[in-house]
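Coordinate analysis (summary)
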Amino acid sequence: MDLFTWSEKYSVGVPAFDRHHQVLFQLINDLHRAMMQGDSFTVARSTFKRLQDYTQYHFQTEEKAMHASNYPDFAVHRMQHERFIDQIMRVCPEFQQPDGHPSSKLLGLMRRWLRTHIMGSDAKLGEYLRQTGADRLPGIVAEEQAEADSAQEMLAGREARSLS
Ligand SMILES: [Fe+2]
Ligand SMILES: [Fe+2]
């Protein structure tokens, strides 16, 4: 059973961002499953790495949109992203040792943080982008398809891996 289910209440009203958040939720669920099923350390570590990479990619996308739209709270929002990446990086050493494993506290922290951030800061950003029409800026629209493709690839990779 999934630990964390995306639903409309998490929608920030910007389809590209919602898709990203859905992928992030699924990656957290994958990591949780890998830990609960006692998967090998290698599987847990590669799942963690995908979650980390996708988080970075997602944050960069939001930051580009904030920059392009002159978002007034850009600095604060970016600082929240940086703090989160920093927290993830601090957990990395647990994955450097062959017998290391992420604590369930880490999972709790990640899902709590993402949920709070998505329903707070990201929702506020989504509202701003919609109200100013910036969610339709050529740069953001052009990226929507690329992001959709990339999310599809991420999910396809995930399915391929889970079948192997
Ligand atoms: Fe954000
Ligand atoms: Fe986000």
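For the structure, check the block above.
This section reports on the structure supplied with the text. The model shown is predicted, which means the values in this text are computed figures rather than measured ones.

**Notes on the overall build of the protein**
Tallying secondary structure elements over the protein gives 5 helices and 0 strands in all. Reading the protein from its N end, one meets helices and strands in the order α-α-α-α-α. Taken over 164 residues, the protein has a buried fraction of 24%. Residue pairs at least 24 apart in sequence account for 73% of intrachain contacts in the protein once pairs closer than 6 positions are excluded.

**Describing unusual backbone geometry**
Residue Asn 70 is not a glycine yet carries a positive backbone phi of 55 degrees. Looking at the element boundaries, Asn 70 is found in the loop between α2 (41-68) and α3 (74-91).

**Observations concerning α2**
Between its first and last C-alpha atoms α2 spans 41 Å; for 28 residues at 1.5 Å apiece the expected length is 40 Å, and the two agree. Here α2 has its buried residues at Ala 44, Arg 45, Thr 47, Phe 48, Thr 55, His 58, Glu 62, Ala 65 and Met 66. One or two positions beyond α2, positive phi appears at Asn 70, with a value near 55 degrees.

**Looking at the nonpolar core**
Membership of the largest hydrophobic core comes to 21 residues, with the highest contact counts inside it found for Val 12, Val 14, Leu 24, Leu 27, Ile 28, Leu 31 and Leu 125. Looking at this core, the elements with two or more residues in it are α1 (15-36), α2 and α4 (104-131). Ranked by residues supplied to this core, first place goes to α1 with 9 residues. Beyond its immediate sequence surroundings of up to four residues, Ile 28 is in contact with Leu 3, Phe 4, Leu 51, Leu 107, Met 110 and Arg 111.

**Observations concerning the packing of α1 against α2**
Contact geometry for α1 and α2: axes closest at 9 Å, N-to-C directions at 165 degrees. Overall, the two elements α1 and α2 adopt an arrangement that is roughly antiparallel. α1 and α2 meet at a crossing whose hand is left-handed. Contacts from Phe 17, His 20, Val 23, Leu 24, Leu 27, Ile 28, Asp 30, Leu 31, Ala 34 and Met 35 in α1 reach Val 43, Ala 44, Thr 47, Phe 48, Arg 50, Leu 51, Tyr 54, Thr 55, His 58, Thr 61 and Glu 62 in α2. Across the contact of α1 with α2, the residue classes tally to 13 nonpolar, 5 polar and 3 charged.

**Some remarks on the packing of α2 against α3**
Closest axis-to-axis distance for the α2/α3 pair is 10 Å, and the angle between their directions is 170 degrees. By the criterion of interaxial angle, the relationship of α2 to α3 is roughly antiparallel. Side by side, α2 and α3 meet where Gln 52, Thr 55, Gln 56, Phe 59, Glu 63, Met 66 and His 67 of the first sit next to Phe 74, His 77, Arg 78, His 81, Ile 85 and Ile 88 of the second. Taken together, the residues of the contact of α2 with α3 sort by class into 5 nonpolar, 6 polar and 2 charged.

**Some words on the environment of Gly 13**
As for its position among the elements, Gly 13 is in the segment before α1. Once residues within four sequence positions are removed from consideration, Gly 13 is found in contact with Gly 126, Glu 127 and Arg 130.

**Overview of the environment of Leu 125**
Relative to the elements of secondary structure, Leu 125 occurs in helix α4. Sequence separation of Leu 125 and Ala 65 is 60 residues, and the distance between their C-alpha atoms is 9.3 Å. Here Leu 125 is in contact with Val 12, Glu 62, Met 66, Tyr 71 and His 77, once residues within four sequence places are set aside.

Thresholds, definitions, all that
Residues numbered from 1 in each chain as written. Chains lettered and ligands numbered in written order. Predicted model: local features only at pLDDT ≥ 70, side-chain atom pairs only at ≥ 80, totals over all residues. Helix = DSSP H or I, 4+ residues; strand = E, 2+ residues; numbered from the N terminus. Buried ≥ 20, exposed ≤ 12 C-beta atoms within 10 Å, placed from the backbone. Contact = placed C-beta atoms within 7 Å. Expected span 1.5 Å × (residues − 1). Core = buried A, V, L, I, M, F, W, Y, C linked by C-beta atoms within 7 Å. Axes fitted to C-alpha atoms, helices over the stretch in contact; angles between N-to-C directions. Parallel < 35°, antiparallel > 145°, perpendicular 65-115°, else oblique. Left-handed = near helix turned anticlockwise from the far one by under 90°. Nonpolar A, V, L, I, M, F, W, Y, C, P; charged D, E, K, R; others polar.

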